[in-house]
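Residue-level listing of the chains:
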Amino acid sequence: MCADTFGVGIHLTDDELEFVVHVPSDIDSGWTDPEAFQSLLAETVWDLLDQQAVLGTVADRYETGETVTLGTVTLEPDGTVVSHELDAPGGESADRTEGFGR
């Protein structure tokens, strides 16, 4: 298995804030269920960043139609977090971790 790096962010619509995932074009074939890895990514991001603070900042500072990038998370298909590089809007950042979750 090979780890893949996913970009994550928040997209503002008229009605809601959507958690979005940028999936690499050469994704490992071990990822068989898109909903499962998207849920895993969301869980991982909110374990590392304060969800309420991030969503509040995005709602207050950005306009409908914008997508706010939070950074990247590198995962193996078994769910192991290899590393992450995340920054909350407004300058708060999560520590970059190698081998997190092993």
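Residues numbered from 1 in each chain as written. Predicted model: local features only at pLDDT ≥ 70, side-chain atom pairs only at ≥ 80, totals over all residues. Heavy atoms only, no water.

### Concerning the sheet that holds strand 1 (residues 4-12)
Pairing in this open sheet of four strands is antiparallel, and the strands run 2-1-3-4 from one edge to the other. Here the strands that pair on one side only, and so sit at the sheet edges, are strand 2 (17-22) and strand 4 (81-86). Direction aside, neighbouring strands of the sheet carry axes that sit 25° apart on average. For strand 3 (residues 67-75) and strand 4, the ladder comprises five bridges, and the chain directions are antiparallel. Along strand 4, the bridge assignment pairs Val73 with His84. (Pairing = 2+ DSSP bridges. Helix = DSSP H or I, 4+ residues; strand = E, 2+ residues; numbered from the N terminus. Axes fitted to C-alpha atoms, helices over the stretch in contact; angles between N-to-C directions.)

### Focus on helix 1 (residues 34-48)
If you check helix 1, its first and last C-alpha atoms are 21 Å apart, about what 15 residues at 1.5 Å a residue would give, namely 21 Å. Along helix 1, the residues classified as buried are Phe37, Leu41, Ala42, Thr44, Val45 and Trp46. (Expected span 1.5 Å × (residues − 1). Buried < 20%, exposed > 50% of the residue type's maximum accessible area, 1.4 Å probe, protein only.)

### Some remarks on the nonpolar core
Leu41, Val45, Trp46 and Leu70 are the most contacted members of the largest nonpolar core, which has 21 residues in total. When residues of this core are traced back to their parent elements, those giving at least two are strand 1, helix 1, helix 2 (51-61), strand 3 and strand 4. Top element by residues in this core is helix 1. It accounts for five residues. Residues within four places of Leu70 in sequence aside, it is in contact with Val8, Gly9, Ile10, Val45, Trp46, Val54, Glu85, Leu86, Asp87 and Pro89. (Core = buried A, V, L, I, M, F, W, Y, C linked by side-chain atoms within 4.5 Å. Contact = heavy atoms within 4.5 Å.)

### What about the environment of Val82?
The topology assignment puts Val82 in strand 4. For the pair Val82 and Thr5, spaced 77 residues apart in sequence, the C-alpha separation works out to 9.2 Å.

### Regarding the side chain of Thr44
Tracing the sequence through the fold places Thr44 in helix 1. With residues near it in sequence (within four places) discarded, Thr44 still touches Val73 and Val81.

### Quick word on the pairing of strand 3
Pairing geometry for strand 1 and strand 3, over eight bridges, is antiparallel. Note that in strand 3 the partner of Ile10 across the bridge is Val68.

### Details of helix 2
Within helix 2 the residues assigned to the buried category are Val54, Thr57 and Val58. For helix 2, the buried positions fall inside an angular range of 100° around the axis, keeping them on one side. Turned more than 90 degrees off the buried face of helix 2, the exposed positions are Gln52 and Asp60. For helix 2, the secondary structure elements touched by its buried residues are strand 1, strand 2, helix 1 and strand 3. The opening residue of helix 2 is Asp50, an N-cap whose side-chain oxygen sits 3.2 Å from the backbone nitrogen of Gln52. (Arc of directions from axis to C-beta. Polar contact = N/O pair within 3.5 Å; in protein donor to acceptor, adjacent residues only side chain to side chain.)

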